[in-house]
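# Residue-level structural notes
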Number of protein chains: 2
Amino acid sequence: MNFIIKKELLLENLNNVSKAISNKNIIPILGGVKLDLSEEGLYLTCSDNEITIRSFIEKKDIEKINNKGSIVIIGRYFIELIRKIPSDLIEIITDGLNLTISTINGEYNLNGMNPDEFPDKSLELSKNLIKIDKNVIKNIINQTSFAISNQESRPILTGINFKIKDRIIECVATDSYRLSKKIINIEEKIEEEVNLVIPGRNLIELSKIINEENEKIEMHIFSNNVLFKFDNIIFQSRLLNGNYPDTSKLIIIEPTLKIKVNTEDLYNAIDRASLLTSEKDKNVINMEIKDKEVVISSTSQEIGKIEERIIVEKDNNVLLNISYSSKYMMEALRTIKSEYTSILLSGEIKPIILKSTEEDNLIQLIVPIKTF
Amino acid sequence: MNFIIKKELLLENLNNVSKAISNKNIIPILGGVKLDLSEEGLYLTCSDNEITIRSFIEKKDIEKINNKGSIVIIGRYFIELIRKIPSDLIEIITDGLNLTISTINGEYNLNGMNPDEFPDKSLELSKNLIKIDKNVIKNIINQTSFAISNQESRPILTGINFKIKDRIIECVATDSYRLSKKIINIEEKIEEEVNLVIPGRNLIELSKIINEENEKIEMHIFSNNVLFKFDNIIFQSRLLNGNYPDTSKLIIIEPTLKIKVNTEDLYNAIDRASLLTSEKDKNVINMEIKDKEVVISSTSQEIGKIEERIIVEKDNNVLLNISYSSKYMMEALRTIKSEYTSILLSGEIKPIILKSTEEDNLIQLIVPIKTF
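What comes next concerns the included structure. As the structure is a computational prediction, the values presented were derived from the model and not from experiment.

### A closer look at the overall build of chain A
- The helix and strand inventory of chain A stands at 6 helices and 24 strands.
- Taken over the C-alpha atoms alone, chain A extends approximately 80 × 55 × 35 Å along its principal axes.
- Counting over 372 residues, chain A shows a buried share of 55%.
- Sequence-distant contacts in chain A: of pairs separated by 6 or more residues, those separated by 24 or more amount to 67%.

### Looking at the packing of helix α3 (residues 134-144) of chain B against helix α4 (residues 200-209) of chain B
Residues and elements named next belong to chain B.
- Direction vectors running N to C along α3 and α4 enclose 135°, while the axes themselves pass 9 Å from each other. By the angle between their axes, α3 is oblique relative to α4. Considering only the axes of α3 and α4, their crossing is left-handed. Taken together, the residues of α4 that come into contact with α3 (itself represented by Ile-137, Lys-138, Ile-141 and Asn-142) are Leu-203, Ile-204, Leu-206 and Ser-207.
- Its residues assigned to classes, the contact of α3 with α4 comprises 5 nonpolar, 2 polar and 1 charged.

### Some words on the interface of chain B and chain A
- Counting from both sides, the interface comprises 30 residues of chain B and, opposite them, 30 residues of chain A.
- Between chain B and chain A, roughly 2,600 Å² of surface is buried when both sides are summed, and carbon and sulfur atoms account for 53% of that area.
- Where chain B touches chain A, the interface holds 2 salt bridges.
- With a closest N to O distance of 2.9 Å, B:Lys84 and A:Asp271 form a salt bridge.
- The tally of links between chain B and chain A comes to 22 residue pairs in polar contact (both at pLDDT 80 or more).
- Elements with a contribution of two residues or more to the side of chain B that touches chain A: α2 (75-84), β9 (106-113), α5 (263-273) and β19 (304-311) of chain B.
- Residue composition of the side of chain B that touches chain A, grouped by class: 12 nonpolar, 8 polar and 10 charged.

### Quick notes on the packing of aromatic side chains
- Applying the stated criterion across every chain, the model contains 4 aromatic pairs over all chains.
- Above the plane of the ring of A:Tyr328 lies A:Arg178, whose end atom (NZ or CZ) is 3.9 Å from the centre.
- Just above the ring of B:Tyr340 sits the side chain of B:Lys260; from NZ or CZ to the centre is 4.8 Å.

### Comments concerning unusual backbone geometry
- In this model, A:Ser176 sits at a positive phi of 80°, which is unusual for a non-glycine residue.
- Structurally, A:Ser176 is set in the loop between β11 (159-174) and β12 (178-199).
- Of note in this structure, B:Lys282 is not a glycine but carries a positive phi near 60°.
- Within the fold, B:Lys282 resides in the loop between α5 and β17 (284-289).
- A residue is classified by how much of its surface remains accessible, and B:Lys282, at 55% relative accessible area, is exposed.

### Focus on the sheet that holds strand β11 (residues 159-174) of chain B
Residue and element names in this part refer to chain B.
- A sheet is described by the order of its strands in space; here 7 strands give the open sequence β11-β12-β24-β23-β22-β16-β20, paired in antiparallel fashion. The open sheet is flanked by β11 and β20 (313-314), the only strands paired with a single partner.
- Note that strand β16 (residues 257-262) and β20 share 2 bridges and pair antiparallel. Its bridge partner being in β20, Ile-259 is matched across the sheet by Lys-314.
- Each of β11, β12 (178-199) and β24 (362-366) is contacted by α3, which is oriented at about 155° to β12, the strand it contacts most.

### A closer look at the pattern of salt bridges
All names here are of chain A.
- Going through the model one piece at a time under the given rule, you end up with 42 salt bridges over all chains.
- Where Arg-238 meets Glu-50, a salt bridge forms, and the shortest distance between an N and an O atom there is 2.5 Å. With Arg-238 in strand β15 (residues 233-238) and Glu-50 in the loop between β3 (41-47) and β4 (51-58), this residue pair connects regions lying 188 residues apart in the sequence.
- Members of the salt-bridge network, linked through shared partners, are Asp-175, Arg-178, Lys-327 and Glu-331.

### A closer look at the packing of α5(B) against helix α6 (residues 326-333) of chain B
Residue and element names in this part refer to chain B.
- Where α5 meets α6, the closest approach of the two axes is 10 Å, and the angle between their N-to-C directions is 155°. Relative to α6, the element α5 is oriented roughly antiparallel. Judged by the sense of rotation from one axis to the other, the crossing of α5 with α6 is left-handed. Two secondary-structure elements touch here, α5 through Thr-263, Leu-266, Tyr-267, Ile-270 and Asp-271 and α6 through Ser-326, Met-329, Met-330 and Leu-333.

### What to know about the side chain of A:Thr263
Residue and element names in this part refer to chain A.
- Considering the arrangement of structural elements, one finds Thr-263 in helix α5 (residues 263-273).
- Given the relative accessible area of 7%, Thr-263 is considered buried.
- Thr-263 has contacts with Leu-333, Ile-336, Ser-338, Glu-339, Tyr-340 and Thr-341, leaving out every residue within four places of it along the chain.

### What about the nonpolar core?
- Counting 98 residues, the largest nonpolar core has A:Leu42, A:Phe78, A:Ile101, A:Phe162, A:Phe228, B:Ile296 and B:Tyr324 as its most contacted members.
- Setting aside residues up to four positions removed in sequence, A:Ile101 forms contacts with A:Phe78, A:Leu81, A:Ile82, A:Ile85, A:Ile90, A:Glu91, A:Ile92, A:Gly106, A:Glu107 and A:Tyr108.
- Formed by 97 residues, the second largest nonpolar core is a distinct cluster that contains A:Tyr267, A:Met330, B:Val33 and B:Leu196.

### Thoughts on the pairing of strand β4 (residues 51-58) of chain B
All names here are of chain B.
- With 7 bridges joining them, strand β3 (residues 41-47) and β4 adopt antiparallel strand pairing. Bridged to Leu-42 within β4 is Ile-57.
- Taking the residues that link successive antiparallel strands as the turn, the β3-β4 hairpin has 3 residues, and the phi of Asn-49 there is positive, at about 75°.
- Two strands pair when backbone bridges link them, and β4 and strand β15 (residues 233-238) are joined in this way by 5 bridges, in the antiparallel orientation. Paired with Ile-53 across the two strands is Phe-235, which belongs to β15.

### A few points about the sheet that holds strand β24 (residues 362-366) of chain A
All names here are of chain A.
- Strand order across the open sheet formed by 7 strands is β11-β12-β24-β23-β22-β16-β20, with antiparallel pairing between neighbours. With partners counted over all chains shown, the strands left at the sheet margins are β11 and β20 (313-314), one partner each.
- The sheet contact formed by strand β23 (residues 352-356) and β24 spans 3 bridges and is antiparallel. Residue pairing for β24: Ile-352 is matched across the bridge by Ile-366.

Basis of the calculations
Residues numbered from 1 in each chain as written. Chains lettered and ligands numbered in written order. Predicted model: local features only at pLDDT ≥ 70, side-chain atom pairs only at ≥ 80, totals over all residues. Heavy atoms only, no water. Helix = DSSP H or I, 4+ residues; strand = E, 2+ residues; numbered from the N terminus. Buried < 20%, exposed > 50% of the residue type's maximum accessible area, 1.4 Å probe, protein only. Contact = heavy atoms within 4.5 Å. Axes fitted to C-alpha atoms, helices over the stretch in contact; angles between N-to-C directions. Parallel < 35°, antiparallel > 145°, perpendicular 65-115°, else oblique. Left-handed = near helix turned anticlockwise from the far one by under 90°. Nonpolar A, V, L, I, M, F, W, Y, C, P; charged D, E, K, R; others polar. Buried area = accessible area lost by both parts, 1.4 Å probe. Salt bridge = Lys/Arg side-chain N within 4 Å of Asp/Glu carboxyl O. Polar contact = N/O pair within 3.5 Å; in protein donor to acceptor, adjacent residues only side chain to side chain. Phe/Tyr/Trp six-rings, centres within 6.5 Å; stacked < 30°, edge-to-face > 60°. Lys NZ or Arg CZ within 6 Å of the ring centre and 35° of its normal. Pairing = 2+ DSSP bridges. Core = buried A, V, L, I, M, F, W, Y, C linked by side-chain atoms within 4.5 Å.

What is shown is where atoms sit, not what they do.
Shown next as structure tokens:
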């Protein structure tokens with residue numbers, strides 16, 4: 001392999017694929033980035049067996065190609081070196097399993113690994129694909145992924161459930177104490193109903209490399225994996241096996257009480273009250289719904305007591321006293337971008353539902369904490 | 001205690017004293033901030049027994065004083081709360097060992113501790129004081145403190161040695177593998193010679209609260225502690241006991257070879273070469289001094305080899321090959337603000353000396369590493 005390429009172009013593509021570099025040192029080749037220089041151009045691939053990312057640089061964007069070839073290079077060092085080399089153009093030459101970068105003042109030799117040992121992931125595309133706007137996919141991930149479970153005891157809950165039918169995609173994430181649900185419409189009707197669970201952590205990595213440009217992303221679904229195609233990138237994630245729990249009954253359609261509150265005021269009041277809460281005590285804070293206001297309070301024997309009052313609008317005169325995790329409430333509120341939030345309540349031990357007052361397709365649900 | 005104060009004024013003063021809040025939970029009162037509201041104004045004090053910081057807010061800057069008094073409040077929660085309260089004015093009321101902050105929408109109660117249990121540090125001033133410019137003290141700390149030892153096996157080396165005689169202060173920090181020495185002149189001649197060792201970590205905290213204003217800082221020296229007075233702040237640090245090693249012989253006056261190199265080029269070349277070095281292997285890199293250039297190189301069996309060339313000016317044609325820690329060299333180079341750096345060499349196992357080409361009062365010394 002022997003070619004010359006613009007540093008910034010190479011670095012940008014390396015940064016994208018680097019999200020799939022394994023941090024574990026158990027299988028060294030998974031810490032590598034594979035370079036494939038072919039007739040068409042340069043393929044860069046990383047895979048930690050969870051996700052595989054491939055980025056493609058067209059022949060026409062490469063300054064000069066003298067020799068084709070393949071090699072796997074330790075990703076961490078290769079990327080850091082490319083980042084730090086003070087040169088606009090970079091010449092990469094391989095000799096067997098050695099890679100050399102030459103600049104006017106320096107010569108950098110990196111040991112390579114055999115490309116045949118790199119995981120051979122099929123990155124074929126499907127004929128049945130779903131097209132979604134990039135910013136819609138980014139929003140789905142940002143507004144639901146925080147609610148996935150981190151516990152490996154119920155692996156299925158570490159994923160985000162995508163149910164696709166006709167022109168509707170329903171996305172759900174839950175750790176069984178809270179739930180995020182986002183419903184979106186797609187332009188083209190899909191023929192076969194789809195129900196899949198994608199690891200949430202993988203989707204968070206995906207969201208990091210999707211830029212804000214107003215374009216489509218293609219979703220190609222297979223039995224064991226899903227593949228996202230956009231720009232010059234293919235992002236593949238494995239799927240989680242198992243049945244995702246049916247959460248539809250959790251969302252109460254006719255709540256006892258609906259209150260309207262300024263989103264930022266509520267967030268800041270909970271933020272202050274949360275000072276006295278701790279992970280150990282489930283971050284519990286109390287919300288007492290009075291006639292025209294809500295009193296947010298938290299108490300710690302050792303530290304003290306905080307009480308905040310917020311004016312709210314109510315649709316009836318029901319009074320309620322409900323406790324919940326300040327952390328969960330703040331994470332849910334962060335996804336609501338409208339000035340006001342609707343809080344739907346059905347009792348002291350019934351799920352709390354949060355919605356934007358301006359859009360109906362996002363639901364945040366939090367299970368209260370029983371206190372004595 | 002009962003008073004009203006501007007939030008920003010209180011917060012700024014709390015941030016300054018907070019550097020002396022203990023993070024260890026062994027003695028709870030050391031995690032506190034002591035509030036003393038007296039005739040003259042409000043004293044805020046924190047002390048972790050290593051350092052004590054007292055800040056004073058004059059009566060005229062306090063909006064309203066209704067009642068004097070003292071209390072100790074858990075610093076972490078008190079400061080975080082003051083920071084987050086959405087109010088320009090803050091009313092603080094104590095009732096016994098309870099502290100209450102009231103705003104329009106909230107009431108915040110914090111448990112206090114008995115001020116009599118707070119460490120009673122004498123913060124008396126001395127008649128024999130030394131006046132130094134604020135930015136000079138900041139520079140001394142920034143240019144030497146990184147070279148202190150982190151090992152408690154030789155506690156004296158965790159400090160910075162100040163030797164003061166006539167109109168000269170000589171500051172030295174060393175971990176026995178490298179040394180930083182800064183010499184400054186003061187305006188007034190001091191009568192008695194002083195030799196003291198101040199814990200480096202404490203000085204780093206001091207440098208954080210010294211602002212950039214062009215004023216003097218007073219240094220009051222006692223047998224067991226030193227006290228810095230500036231603005232409305234008194235900063236007290238304990239001193240380290242024991243004799244600081246005599247390092248004067250380490251600095252070779254007549255080196256065999258003097259080279260002049262662009263500071264930034266050298267720093268960046270070492271930064272890149274250091275990619276292949278590791279803490280485990282003492283971050284060793286090699287520097288080969290040739291006729292008109294220096295070759296910086298590093299090698300790792302597992303990763304590869306980096307070689308960088310930099311053009312240098314030499315005062316004679318001596319050739320040398322010397323190895324050292326890339327980390328130490330980079331930390332030393334960061335203190336040199338001039339375009340060019342002088343490197344003074346006396347042999348492959350003799351200390352490397354770095355100096356700015358523009359000022360003579362800062363010396364950075366690094367002991368080479370023997371390689372085979």
